[in-house]
Amino acid sequence: MDTNTKVFGDNFLQYYRPLCLFALHYLKDIDDAEDAVQDCFMELWKRKEKGFEVSGLKSYRVRRILFTN
């Protein structure tokens, strides 16, 4: 496992549940909340693969979740 994959996995494990709870507060549906969080992490992974760094990860994740649906 390369360093990027490990960092991404650690980040996912640390933030997945809190982000799902945050998304659930706004979306009112657990499946939609989980989908929004998963989409957020997939977009981050795609950006990383293309060489784009996201500054302000916390605000990026929150905005991405709020404006997904």
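The rules behind these values
Throughout, residues of each chain are indexed from 1 in the direction in which the sequence is written. Since the coordinates come from a predicted model, pLDDT governs what is reported: local features require at least 70, and pairs of side-chain atoms require 80 or more to be given and counted, while whole-chain, interface and lining totals use all residues. Calculation of side-chain values draws on the structure's entire complement of heavy atoms; hydrogens and water are dropped beforehand. Here the term patch refers to residues with relative accessible area over 30% and no salt bridge, with like charges joined within 9 Å and nonpolar side chains (Val, Leu, Ile, Met, Phe, Trp, Tyr) within 5 Å. To be clear on the numbers: accessible area is Shrake-Rupley with a 1.4 Å probe, and residue cover counts the displayed protein chains and nothing else. Whenever a carboxyl oxygen of Asp or Glu lies within 4 Å of a side-chain nitrogen of Lys or Arg, that contact is scored as a salt bridge. Secondary structure elements follow DSSP: runs of H or I no shorter than four residues count as helices, runs of E no shorter than two count as strands, and numbering proceeds from the N terminus. Think of it in three bands: residues with accessible area under 20% of the maximum for their type are buried, residues over 50% are exposed, and the middle band is partly exposed, with areas taken using a 1.4 Å probe on protein chains only. Simply put, an axis is a line fit to the C-alpha atoms, just over the touching stretch for a helix, and the angle between two N-to-C directions goes from 0 to 180 degrees. For this classification, under 35 degrees means roughly parallel, over 145 means roughly antiparallel, 65 to 115 means roughly perpendicular, and everything else is oblique. Each helix crossing is assigned a hand: it is left-handed if the near helix lies turned anticlockwise from the far helix by less than a right angle, otherwise right-handed if that turn is clockwise. Throughout, a residue-residue contact means that at least one pair of heavy atoms, one from each residue, lies within 4.5 Å. The predictor attaches a confidence to each residue, called pLDDT, with possible values from 0 through 100.

**Side note on a nonpolar patch on the surface**
And then number 1: On the surface, a cluster of nonpolar side chains totalling about 360 Å² of accessible area is made up of Tyr26, Leu66 and Phe67.
And then number 2: Mapped onto the elements of the fold, Leu66 is located in helix 3 (residues 57-66).
And then number 3: You can call Leu66 partly exposed: its relative accessible area is 34%.

**Remarks on the packing of helix 1 (residues 3-27) against helix 3**
And then number 1: With their axes 10 Å apart at the nearest point, helix 1 and helix 3 run at an angle of 40° to one another. Considering their axes alone, helix 1 and helix 3 lie oblique with respect to each other. In terms of crossing hand, the pair formed by helix 1 and helix 3 is right-handed. Residue-level inspection shows Asn11, Tyr15, Leu19, Phe22, Ala23 and Tyr26 of helix 1 in contact with helix 3, the latter providing Leu57, Arg61, Val62, Ile65 and Leu66.

**Digging into the confidence of the model for the protein chain**
And then number 1: Chain-level pLDDT for the protein chain is 88 on average; 97% of the residues reach the 70-or-more range.
And then number 2: Per-element confidence in the protein chain is highest for helix 2 (residues 30-49), whose mean pLDDT is 92, and lowest for helix 3, whose mean pLDDT is 83.

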